[in-house]
Amino acid sequence: PNGRPTIASDDKAYAFSIGLLAQEDFGGFMGVGPSKSGGNFNNFTQNARRLRLYFSWRYKDWVVNVTPDFGSSTFDGSASLFEANINYTGLRHTTLTVGYFQPRMEEESAERSGAFEFLERPAIVDIVRNIASGVGRFSVGGEHYEKRWLVGGYFTGQKVGDRNKDNTITDSQTGAVVRAVGRPYVSKDIDVFMGAGATAAFKVNNGSKGRRYTASSNTEIPLGETNLLTSGVLSDVSQIWAVGPQLALRWKRFLLKSEYYHIGVQQGASVENPSVLRSFGFDGWYVAANYTLLGNPRIYSEKIGAFTAPGVTYDFDPAHNHWGALELSGRWSVTNLHDGDTGNQQTVWESGVNWYPNRHFRFMLDYQHFIVSRDPNSKATVNLLGTTGNAVVGRVQAAF
Amino acid sequence: PNGRPTIASDDKAYAFSIGLLAQEDFGGFMGVGPSKSGGNFNNFTQNARRLRLYFSWRYKDWVVNVTPDFGSSTFDGSASLFEANINYTGLRHTTLTVGYFQPRMEEESAERSGAFEFLERPAIVDIVRNIASGVGRFSVGGEHYEKRWLVGGYFTGQKVGDRNKDNTITDSQTGAVVRAVGRPYVSKDIDVFMGAGATAAFKVNNGSKGRRYTASSNTEIPLGETNLLTSGVLSDVSQIWAVGPQLALRWKRFLLKSEYYHIGVQQGASVENPSVLRSFGFDGWYVAANYTLLGNPRIYSEKIGAFTAPGVTYDFDPAHNHWGALELSGRWSVTNLHDGDTGNQQTVWESGVNWYPNRHFRFMLDYQHFIVSRDPNSKATVNLLGTTGNAVVGRVQAAF
Amino acid sequence: PNGRPTIASDDKAYAFSIGLLAQEDFGGFMGVGPSKSGGNFNNFTQNARRLRLYFSWRYKDWVVNVTPDFGSSTFDGSASLFEANINYTGLRHTTLTVGYFQPRMEEESAERSGAFEFLERPAIVDIVRNIASGVGRFSVGGEHYEKRWLVGGYFTGQKVGDRNKDNTITDSQTGAVVRAVGRPYVSKDIDVFMGAGATAAFKVNNGSKGRRYTASSNTEIPLGETNLLTSGVLSDVSQIWAVGPQLALRWKRFLLKSEYYHIGVQQGASVENPSVLRSFGFDGWYVAANYTLLGNPRIYSEKIGAFTAPGVTYDFDPAHNHWGALELSGRWSVTNLHDGDTGNQQTVWESGVNWYPNRHFRFMLDYQHFIVSRDPNSKATVNLLGTTGNAVVGRVQAAF
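Criteria and thresholds
Residues numbered from 1 in each chain as written. Chains lettered and ligands numbered in written order. Predicted model: local features only at pLDDT ≥ 70, side-chain atom pairs only at ≥ 80, totals over all residues. Heavy atoms only, no water. Helix = DSSP H or I, 4+ residues; strand = E, 2+ residues; numbered from the N terminus. Rg over C-alpha atoms; globule rule 2.2 N^0.38 Å. Buried < 20%, exposed > 50% of the residue type's maximum accessible area, 1.4 Å probe, protein only. Contact = heavy atoms within 4.5 Å. Areas by Shrake-Rupley, 256 points an atom, 1.4 Å probe, with all protein chains shown as cover. Lys, Arg positive; Asp, Glu negative; His and termini not counted. Charge placed at Lys NZ, Arg CZ, Asp CG, Glu CD. Buried area = accessible area lost by both parts, 1.4 Å probe. Salt bridge = Lys/Arg side-chain N within 4 Å of Asp/Glu carboxyl O. Polar contact = N/O pair within 3.5 Å; in protein donor to acceptor, adjacent residues only side chain to side chain. Nonpolar A, V, L, I, M, F, W, Y, C, P; charged D, E, K, R; others polar.

**Q** It is not clear to me how the overall build of chain A should be interpreted in this structure. Could you clarify?
**A** Each helix and strand counted, chain A has 3 helices and 23 strands in total. Taken over C-alpha atoms, the radius of gyration comes to 21 Å for chain A, in line with the 21 Å a tight globule of 400 residues would show. With the C-alpha coordinates aligned to their principal axes, the bounding extent of chain A is approximately 65 × 50 × 45 Å. Residue burial in chain A is summarised as follows: out of 400 residues, 60% are buried. Within chain A, residue pairs in contact and separated by at least 24 positions form 64% of the contacts whose partners lie at least 6 positions apart. Of the roughly 14,900 Å² of accessible surface on chain A, 59% is carried by carbon and sulfur atoms. Charge separation in chain A, taken as the distance between the mean sites of 39 positive and 37 negative side-chain charges, equals 3 Å.

Below you can see the structure in the form of structure tokens.
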């Protein structure tokens, strides 16, 4: 991005840059009940969400990106890898990629994680992207964009570290991700965006307990709280797929976004269970509204097929009556992982305010109310009665 | 620091730098007894104490620092985070900070860890700084300096990774650190430094075993040896505080330093123990003397409120009879964690010689003798009789 | 290397660079049998083999290198340290080193890991180098080269993280490595290389189970598969040594290489076993042939005493009929760890093709067939009958 420290050779053949995304969160939960039911909802704590160091070497049309991450979506304190991939950019408006990568299928994945309206993606997006894309997924594929449209497709494998966490895996996941988005109408004040994404895991990691899958997510707050939303453990999984539309409408300084996804899980014949088994269907959606009070509004980026963060016209400088950029957001997010006798449902109402003193720094404050139905699993030890609660969390962010 | 690789934009709005502190230690223990009593005192081993990569991005008055560390105070081999914080430097001689940081309260904390007279801080400083400051503590606050004085204050939270190590924590620590130091008399040959620091943990991390606290430290040698010095485990802790003076006197090439701290621990009413409980008092001090044989002596830095390492007039070059800088140090360090039926006491006598071939490299050699009284805990498995011993440890250091 | 991003001060006193070696592998095993016998041979998976970020600071004749690694020889997903050392280069053609380092004894260790003919070193080299050298070994020593010869020698200690993995170690390893190589005949078309290396562990790490040693390696494929080749656990080890010749002959575009090593293990008197115990002898060798079809052939590097990867005359550019460099390789590798009633033997036949579109990127494809004799250990749970199998693995690589 602009402002990222870069050194280049005089003949332009070489370039090297070091970028940063630093996000640190602090806050807690209030009024979680009817009882905490054994779940962990910290009253007040802190977490480094993302501490990514983006190292990038370019030689002519070839680019290699390696990005360690010292933050965590739950409990900070360990080092991991966000990406490590090799790219060929010699074809016009096209990037071909191989290696650990984050293939994008949803609008909320295509947005850069430093540009989100809220602290976290909606739960349904978080679940769908983890089927066969998400952070650190081994990928082979590419993306191509034009002024009015963008398409991308990747074959994918395991996530980095999958076999470190479970070294009994004897057959690793394979899958795919595709995305196609366009802008049927564009004017100075209006931007209409629509598209679709689809993903599938042709087979999931096969470890000592066979091919298992559990859809699960937190309450869209990154403080390491207990995941209440769950599909339950589905065993002997032969295939998972998800598909859905993504829509957005910008009118002047106002942006409305929505995505819906349906997830299908097929259980299949295994050595232990040779008979044909069940299918499960889950779905979820969100609707998010955003208004930019100060600064330039969120606009569409052709290169990534997604909306970006507000821009700052003049850096924060009270002496000259410059206040940076300010935006308000509201979101309704519903995820239904209940099917038959398994899984439950979560609804989150969220509101937030973001302040940008300049293009590199940002301060966020989110309030949310969540409602999660009971876990029907007879062995569940938390969330026996359904749970509601609230959270207030702030974030400080720097991005270069 | 000077000599750190930096790139900046022509308009001075941007700057980026990568610094380093690399320290590797090798040595071992001799004559530890009356018996090793189960403790681990390696005869000869190595440890990477600090391998910090200081990444720093600046945009105008805003600075973000992220510093991974591949060293360890005990057993090297893992990656951790030294700091990740956002700073505003727009007010004169003032830095405002939020994020994971090392707030400084003691003179031995304010000194840069590449400038220590010895391999490690005195045990009492190590214990006091870990109450509510220390490495990687979430902090919100600031520091202001003038030519003759410096004040700093921070509200603090958990340390990075606290909930990674214990994911049962449902309420995280809060605390504070304050420091005020000054130089009542300064001349060319004489520098008189005095000040005070105070810290408190208003509440400590609440995990599955409740709010517990153990003051403990090693023998001031960073080879992963068993911690013999301990207060014992104090449970149902409601509050911890510490306060004490810091003094130093420089006379030409001679530097004398001393700090004393008193620690108070209050046990308090918990759900399980509703009655009012005990208070504990611990204390400790050190006196350190230093003489710079070759090179420029240790002088006071106004910006950090502490003394710095000797300077090298001419880089090491035997052909021109230049030998860099050389200093000798001696220290007496006493820590008394004994109160009633719990805890014990440690005395360490230490001497050291440091050689600086140039401003970026340093070689250290320390010898110490330690005396630790018996652990009165009836369940203790080591140090049943009290322990004495010696250690000889060298260090190679590079700093940029 | 050339093309590594570097910044330097105008007076040449300072230089700083950031290099990269990124290697990601994907592939799997076929036809492993007579039965998989409990071993893990993944059908298709991925692994980040090396993700090394080479940070290097130089001040005049002093250089410090720190290199984190986010890859793994087995299961990626964690961060480790490749090296962290301080070097003095003030003597002509000589480097003196202290700190965590990779001391080189074998030709296949002296080759840079981005230049290998195959994905992995031969098993015997992997085993010998791990006795007292290998990655992240604490070392004190140096290397000197001339046009026709090179000598190096190091005293060595533990590997970084040894005591993190086993914190019961109370006495750490000490050892040594020496190497001497030369080129008795050199002409434009012919290069004759010969030399020898020797290593010894004077004592091995002493943990809760005493001083133990197990020689073991995988099938020369880095996908985290089960190690079938093993010497069995040898206890009460007093000393380990290894010695052997290294030979190579280049004729125009053809390169033939071979190394042989013999390993001796002495068991010795311990407190528990006061009697004199056994000696074990193991050995292994490889022969590798390489032909460069396109581009400049592999040539000898005086500075490292080893052969380098092929060079690219013109970068890949099909429009101008430039195809980069292409080489074919074949290898026969035998390792015999069988002695009396312990250990077994492995033979690997390997062939590979490497394509270099330019000097910084490389694509590799290896096929191998392996034959491992049965593990005679009566408590073994895998490889009860001997195992044969095949593997096909590709690699994408970027190096700066």
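**Q** In this structure, what is going on with helix 2 (residues 123–132) of chain C? I would like to understand it.
**A** Given 3.6 residues to a turn, an α-helix orients residues that are three or four positions apart in the same direction. All names here are of chain C. Within helix 2, 8 of the 10 residues are buried, which leaves the element mostly enclosed by the surrounding structure. Among the residues of helix 2, Ala-123, Ile-124, Val-125, Ile-127, Val-128, Arg-129, Ile-131 and Ala-132 are the ones counted as buried. Of the residues flanking the end of helix 2, it is Gly-134, one or two places downstream, whose phi is positive at about 85°.

**Q** I'm lost on the interface of chain A and chain C in this one. Help?
**A** Accessible area lost upon the coming together of the parts is a frequently used measure of interface size. Contacts between the two partners involve 38 residues from chain A, matched on the other side by 43 residues from chain C. Here chain A meets chain C over a buried area of about 3,200 Å², counting both sides, of which 67% is carbon and sulfur. Of all residues in chain A, the largest losses of buried area upon contact with chain C belong to Trp-57, Trp-62 and Arg-163 of chain A, amounting jointly to 22% of the total for that side. On inspection of chain A and its partner chain C, the count reaches 1 salt bridge. Here chain A and chain C share 20 residue pairs in polar contact (both at pLDDT 80 or more) between them. For the side of chain A that touches chain C, the elements supplying multiple residues, two or more each, are strand 2 (14–33), strand 3 (45–59), strand 4 (62–69), strand 5 (80–88), strand 6 (94–101), strand 8 (149–159) and helix 3 (162–165) of chain A. When the residues that make up the side of chain A that touches chain C are grouped by side-chain class, the tally is 22 nonpolar, 12 polar and 4 charged.

**Q** What's the story with the pattern of salt bridges in this structure? I'm lost.
**A** Residues and elements named next belong to chain A. According to the stated counting rule, one finds 57 salt bridges over all chains in the structure shown. Residue Glu-120 is joined to Arg-49 by a salt bridge in which the shortest nitrogen-to-oxygen separation is 2.7 Å. Remark: Arg-49 occurs in strand 3 and Glu-120 occurs in the loop between helix 1 (107–110) and helix 2 (123–132); sequence separation between them is 71 residues. For the pair Glu-120 and Arg-49, a shared accessibility class is recorded, and that class is buried. Between Glu-108 and Lys-257 there is a salt bridge, and its shortest N-O distance comes to 2.8 Å. Taken together, the residues span a long stretch of sequence, with Glu-108 in helix 1 and Lys-257 in strand 16 (residues 254–267) at a distance of 149 residues. Pair check on accessibility: Glu-108 and Lys-257 agree, each one buried. Through salt bridges with shared partners, a single ionic network connects Asp-25, Arg-49, Glu-120 and Arg-395.

So far we have only geometry, and geometry alone does not tell us how the molecule works.
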